[in-house]
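Residue-level listing of the chains:
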Amino acid sequence: MVKKRLLLAEDDELLSSLLKFRLKKSGYDVDLVVNGKEVKEYLNANNLPDIIVSDIMMPYMSGIELIDYVRNQLNSKLPIIIISSAGNEENVLSAFEMGANDFLSKPVSPSELLIRVARELNKV
């Protein structure tokens, strides 16, 4: 079985470590970036991952801007799951309007994230 590659964009060190550990333990290859600038560099330098999990509020580029970049600049339908502590209706609607596939509010349950990642990857 080929491992699925996941790009995790999260600037909270504790949360990113926890999520990366759980995702790797579940068999995913996980690449971690901590801000929007690194996201852009990663996407431009590497083959696209199978899925992106991104915080909505990051330095240099927000999760909303990331969705716009992937959908409109890269012209990709790559699955994107947004996570945010600002899970208000406006942020949720903006994320979905821009093309997010899913949205999770923080605190994120690693088990729920794993289920949602698997669900998005199985759609492909």
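Structure first, text after, so check above.
Residues numbered from 1 in each chain as written. Predicted model: local features only at pLDDT ≥ 70, side-chain atom pairs only at ≥ 80, totals over all residues. Heavy atoms only, no water.

(A) Main features of the pattern of salt bridges. Inspection of the entire model under this criterion finds seven salt bridges. With a shortest N-O distance of 2.6 Å, Arg-119 and Asp-102 are connected by a salt bridge. Here the residue Arg-119 occupies a position in helix H5 (residues 110–123), and Asp-102 occupies one in strand S5 (residues 102–105), the gap between them amounting to 17 residues. For Arg-119, a relative accessible area of 43% corresponds to the partly exposed category. Members of the salt-bridge network, linked through shared partners, are Asp-102, Glu-112, Arg-116 and Arg-119. (Salt bridge = Lys/Arg side-chain N within 4 Å of Asp/Glu carboxyl O. Helix = DSSP H or I, 4+ residues; strand = E, 2+ residues; numbered from the N terminus. Buried < 20%, exposed > 50% of the residue type's maximum accessible area, 1.4 Å probe, protein only.)

(B) Focus on H5. Along its 14 residues, H5 runs 20 Å from first to last C-alpha, staying within 8% of the 20 Å computed at 1.5 Å per residue. Within H5, the full set of buried residues consists of Pro-110, Leu-113, Leu-114, Arg-116, Val-117, Glu-120 and Leu-121. Those residues of H5 that are buried are in contact with strand S1 (5–9), helix H1 (13–25), strand S3 (51–55), strand S4 (80–84) and S5. (Expected span 1.5 Å × (residues − 1). Contact = heavy atoms within 4.5 Å.)

(C) Broad picture of the pairing of S1. Summarising burial for S1: four of the five residues are buried, a large majority. Relative to strand S2 (residues 29–33), S1 runs parallel, the two sharing five bridges. Bridge pairing in S2 links Arg-5 to Asp-29. You can see the chain leave S1, run along H1 and come back into S2, and the turn it takes is right-handed. (Pairing = 2+ DSSP bridges. Right-handed = clockwise from strand over helix to strand, strands pointing away.)

Honestly, it's all geometry; don't read function into it.
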